[in-house]
Amino acid sequence: METGDRLVGSEALRTVVETLRAAGHQAWAVGGAVRDSLLDRTPGDWDVATDARPERVRSAFPRTHPVGVEHGTVGVRVEDETVEVTTFRTDVATDGRHAEVAFGASLDEDLARRDFTINAIAWDPVTGEVADPFGGIDDLEAGRLRTVGDPDRRFREDYLRILRAFRFAARFDLEWDAGTRQALERHARGVSRLSGERVRDELLKTFAQCRSASKALAGWQESGVMARLLPEVAVCFGIEQNRWHTDDVGTHSLMVVDQVHPRRPFLRVVALLHDVGKPPTRAVHPKTGDWTFPEHEKVGAALAEQALERLRFSKREIARGRHLVRVHMDLLPPEASDAAIRRWIRRIGEEHVWDLYRIHLADWWGNRKRAENPPDPLVEMYRRVRAALREEHALKVTHLAIDGHDLIEMGMQPGPGIGQVLDRLLERVIEEPTLNRRDRLLQLARSERAAV
Ligand code: ATP
Ligand code: MG
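**Observations regarding the overall build of the chain**
Within the chain one finds 24 helices and 13 strands. The globule rule puts the C-alpha radius of gyration for 452 residues at 22 Å, and the 28 Å found for the chain is more than 25% above it. Principal-axis analysis of the C-alpha atoms gives the chain an extent of 85 × 60 × 40 Å. Sequence separation of 24 or more characterises 63% of the internal contacts of the chain that already satisfy a separation of 6 or more. Here the chain displays about 21,700 Å² of accessible surface, and carbon together with sulfur accounts for 48% of that area. Computing the positive centroid from 68 side-chain charges and the negative centroid from 73, the chain places the two 5 Å apart.

**Concerning the domain arrangement of the chain**
Taken domain by domain, the chain holds domain 1 (4-145), domain 2 (195-390) and domain 3 (397-451). Computed from C-alpha atoms alone, the centre-to-centre distance between domain 2 and domain 3 is 37 Å. Each side of the interface is counted separately: domain 2 has five residues, and domain 3 has eight residues. Here domain 2 packs against domain 3, burying approximately 540 Å² in sum over the two surfaces, 48% of which is carbon and sulfur.

**Topic: the side chain of arginine 89**
Topologically, arginine 89 is positioned in strand β6 (residues 89-94). The buried charged residue arginine 89 lacks any salt bridge partner; its closest oppositely charged side chain belongs to aspartate 110, at an N-O distance of 4.5 Å. Apart from residues no more than four positions distant in its own chain, arginine 89 is found in contact with His71, Val101, Ala102, Phe103, Ala105, Glu109, Asp110 and Arg113.

**Digging into the site of ligand 1**
Neighbouring ligand 1 are 15 residues; Arg35, Asp158, Arg161, Arg167 and Gln209 lie closest to it. Between ligand 1 and the protein, one listed contact pairs a nitrogen atom with a backbone N or O atom of aspartate 115 at 3.2 Å. Contact with the protein chains removes 76% of the 580 Å² of surface that ligand 1 exposes when unbound. Looking at the shell around ligand 1, the elements with two or more residues in it are α3 (32-38), α8 (160-171) and α10 (196-209). No other element matches α8, which puts five residues into the shell around ligand 1. Here the residues of the shell around ligand 1 are counted per class, giving one nonpolar, four polar and ten charged.

**Digging into helix α23 (residues 416-431)**
With 16 residues, α23 should reach 22 Å at 1.5 Å per residue; the first-to-last C-alpha distance of 23 Å fits that figure. By the burial criterion, the buried members of α23 are Ile418, Val421, Leu422, Leu425, Leu426, Val429 and Ile430.

**Brief notes about the environment of aspartate 80**
Take aspartate 80: it is sitting in the loop between β4 (73-78) and β5 (81-87). The exposure class of aspartate 80 is exposed, given its relative accessible area of 68%. For the pair aspartate 80 and alanine 12, spaced 68 residues apart in sequence, the C-alpha separation works out to 8.8 Å.

**A word on the packing of aromatic side chains**
Under the counting rule described, the total for this entry stands at nine aromatic pairs. Their ring planes at 40° and their centres at 5.7 Å tell us that tryptophan 46 and tryptophan 123 sit as a pair that is tilted. Within this pair, whereas tryptophan 46 is found in the loop between α3 and β2 (47-50), its partner tryptophan 123 is found in strand β8 (residues 122-123), the two being separated by 77 residues in sequence. Tryptophan 46 sits in the buried class, given a relative accessible area of 4%. Centre to centre, the rings of phenylalanine 166 and tryptophan 176 are 5.5 Å apart; their planes meet at 70°, and the pair counts as edge-to-face.

**Here's the deal with the pattern of salt bridges**
In the structure shown here, the tally under the stated rule is 37 salt bridges. A salt bridge links aspartate 152 to arginine 186, with the nearest nitrogen and oxygen atoms 3.0 Å apart. Of this pair, aspartate 152 sits in helix α7 (residues 151-157) while arginine 186 sits in helix α9 (residues 178-187), and the two are 34 residues apart along the sequence. Aspartate 158 serves as the salt-bridge partner of arginine 198, at 3.2 Å between the closest nitrogen and oxygen. Taken together, the positions of arginine 198 in helix α10 and aspartate 158 in the loop between α7 and α8 put the pair 40 residues apart, joining distant regions of the chain. Residue classification places arginine 198 among the partly exposed positions, given a relative accessible area of 27%. The buried category is assigned to aspartate 158, whose relative accessible area is 12%. One salt-bridge network, held together by shared partners, links Asp91, Arg153, Arg154, Glu157 and Arg161.

**A short note on the nonpolar core**
What tends to happen in soluble globular proteins is that the nonpolar side chains get buried as a cluster. Counting 106 residues, the largest nonpolar core has Trp220 and Trp344 as its most contacted members. When residues of this core are assigned to their parent elements, the largest contribution, eight residues, is made by α8. Taken domain by domain, this core gets at least three of its residues from each of domain 1 (4-145) and domain 2 (195-390). Those residues within four positions of tryptophan 220 in sequence are excluded, and the remaining contacts are Leu163, Phe166, Val199, Leu203, Val225, Met226, Leu229 and Leu230. Ile418, Leu422, Leu442 and Leu444 belong to the second-largest nonpolar core, a separate cluster that totals 18 residues.

**What about the pairing of strand β3 (residues 64-68)?**
Bridging between β3 and β4 involves four bridges; their strand directions are antiparallel. Across the sheet, the residue bridging to histidine 65 is glycine 75, located in β4. Between the antiparallel neighbours β3 and β4 lie four residues, among them glycine 72 with a positive phi of about 75°.

**Here we look at the packing of α8 against α10**
At a minimum axis separation of 10 Å, α8 and α10 run at an interaxial angle of 5°. By the angle class used here, α8 and α10 are roughly parallel. Residues Leu160, Leu163, Arg164, Arg167 and Arg171 of α8 form the contact with α10, whose participating residues are Arg198, Val199, Glu202, Lys205, Thr206 and Gln209. Across the contact of α8 with α10, the residue classes break down as three nonpolar, two polar and six charged.

**A look at the environment of leucine 254**
Relative to the helices and strands, leucine 254 resides in helix α14 (residues 249-258). Assessed through its relative accessible area of 6%, leucine 254 is described here as buried. Sequence separation between leucine 254 and serine 212 is 42 residues, and the spatial gap between their C-alpha atoms is 9.2 Å.

Cut-offs used in this document
- Residues numbered from 1 in each chain as written.
- Chains lettered and ligands numbered in written order.
- Predicted model: local features only at pLDDT ≥ 70, side-chain atom pairs only at ≥ 80, totals over all residues.
- Heavy atoms only, no water.
- Helix = DSSP H or I, 4+ residues; strand = E, 2+ residues; numbered from the N terminus.
- Rg over C-alpha atoms; globule rule 2.2 N^0.38 Å.
- Contact = heavy atoms within 4.5 Å.
- Areas by Shrake-Rupley, 256 points an atom, 1.4 Å probe, with all protein chains shown as cover.
- Lys, Arg positive; Asp, Glu negative; His and termini not counted.
- Charge placed at Lys NZ, Arg CZ, Asp CG, Glu CD.
- Domains from an automatic or database assignment.
- Buried area = accessible area lost by both parts, 1.4 Å probe.
- Buried < 20%, exposed > 50% of the residue type's maximum accessible area, 1.4 Å probe, protein only.
- Salt bridge = Lys/Arg side-chain N within 4 Å of Asp/Glu carboxyl O.
- Near = heavy atom within 4 Å.
- Polar contact = N/O pair within 3.5 Å; in protein donor to acceptor, adjacent residues only side chain to side chain.
- Nonpolar A, V, L, I, M, F, W, Y, C, P; charged D, E, K, R; others polar.
- Expected span 1.5 Å × (residues − 1).
- Phe/Tyr/Trp six-rings, centres within 6.5 Å; stacked < 30°, edge-to-face > 60°.
- Core = buried A, V, L, I, M, F, W, Y, C linked by side-chain atoms within 4.5 Å.
- Pairing = 2+ DSSP bridges.
- Axes fitted to C-alpha atoms, helices over the stretch in contact; angles between N-to-C directions.
- Parallel < 35°, antiparallel > 145°, perpendicular 65-115°, else oblique.

The structure is reproduced here in structure tokens:
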């Protein structure tokens with residue numbers, strides 16, 4: 001069994017398999033880690049499939065924790081590694097959204113319920129034996145994505161497999177088995193039935209795992225998946241821009257996604273959504289006759305918010321995404337004053353500054369018409385932003401040398417008036433940082449109050 005001998009497992013994996021074997025059970029390494037090893041890629045965590053029931057698995061090892069008890073998965077800790085051990089199971093009922101599973105199956109049955117042949121290979125790390133009943137190794141070698149069994153049935157059982165297919169194809173740069181691709185097209189509309197949470201998790205996984213995420217997203221677009229899940233992005237395709245852009249809005253957005261690092265999957269979501277305001281705002285420029293998109297960032301922020309809500313992102317992420325889309329056109333000219341830079345930081349929010357820089361760079365690089373290097377004004381602007389942040393000048397109310405208590409002690413009534421005075425003081429300090437001293441601010445506050 002040459003293929004199996006070539007693979008390298010971990011110490012923990014061997015310990016788990018040997019322990020289960022010694023207790024009279026079958027135990028195999030399965031799933032993504034086997035696939036990744038066969039591709040000579042560093043595998044993630046190892047998964048083991050066994051005929052032992054979860055209770056047996058728990059009693060066979062000193063350190064275990066339940067992972068998904070309803071799915072029969074037990075986490076086994078060996079040294080500082082976790083191996084997930086799952087009891088062989090078959091799907092007894094599926095409805096396109098989830099599966100009901102039953103234990104008591106064989107290895108072959110367990111492999112048969114897996115989605116793609118490349119994910120349905122089992123390996124025995126002790127003997128080197130490989131079980132590959134669906135020809136997954138051949139498909140891996142040919143670089144081919146194919147479902148286990150009848151593709152129509154497999155997509156109908158769980159429409160998430162459609163999104164998984166685009167992810168695996170992009171991640172490993174696979175070609176489509178023709179039958180698999182045709183069935184996928186036939187069932188693409190089924191993705192409408194998936195919960196927002198599952199779509200969100202799958203989108204984030206796609207962004208975290210695929211450097212060229214655009215390949216997966218282009219598949220979403222061609223198959224009609226995008227129109228079902230992110231219609232505001234789908235309508236960006238075919239929307240031609242202006243003399244500054246070679247690509248239509250949709251193609252440009254996908255290129256911008258690729259320009260954000262996979263380590264920042266949420267920022268890639270923002271990149272995907274950054275121009276969704278363009279289709280509804282497109283107009284002919286009265287002077288140049290070229291296309292313009294007036295206030296597309298404003299309209300886009302509202303559309304992005306809706307999309308993020310639909311995909312059940314957290315309140316914080318929704319606010320962050322909305323804000324970044326809203327400010328993505330906010331760039332300062334080279335002649336901006338230091339005070340203008342500080343006002344800009346206040347508008348953007350310190351915590352968003354570097355995210356916005358990444359979006360600005362990606363937006364630039366995601367446009368074929370432009371040069372490789374970011375433009376000097378952009379780099380210079382962020383250099384000044386960095387310098388302004390280092391100065392530690394006040395950029396928000398909490399940076400002021402006085403606070404609300406000082407104003408109340410001064411005799412002001414508690415209430416919204418306090419915040420308004422602090423805001424006005426901050427505006428003054430942003431213009432003139434040397435004002436940020438307790439005595440000066442109290443003096444200013446007195447005249448502010450007198451002015452009200
Ligand atoms: P990753 O590197 O993303 O973890 P993976 O292949 O390990 O990739 P998981 O989602 O961790 O993917 O699932 C582990 C295994 O379980 C897969 O390799 C596959 O065999 C099976 N599997 C997961 N989700 C499904 C599904 N929706 N339908 C059928 N089989 C699935
Ligand atoms: Mg996995």
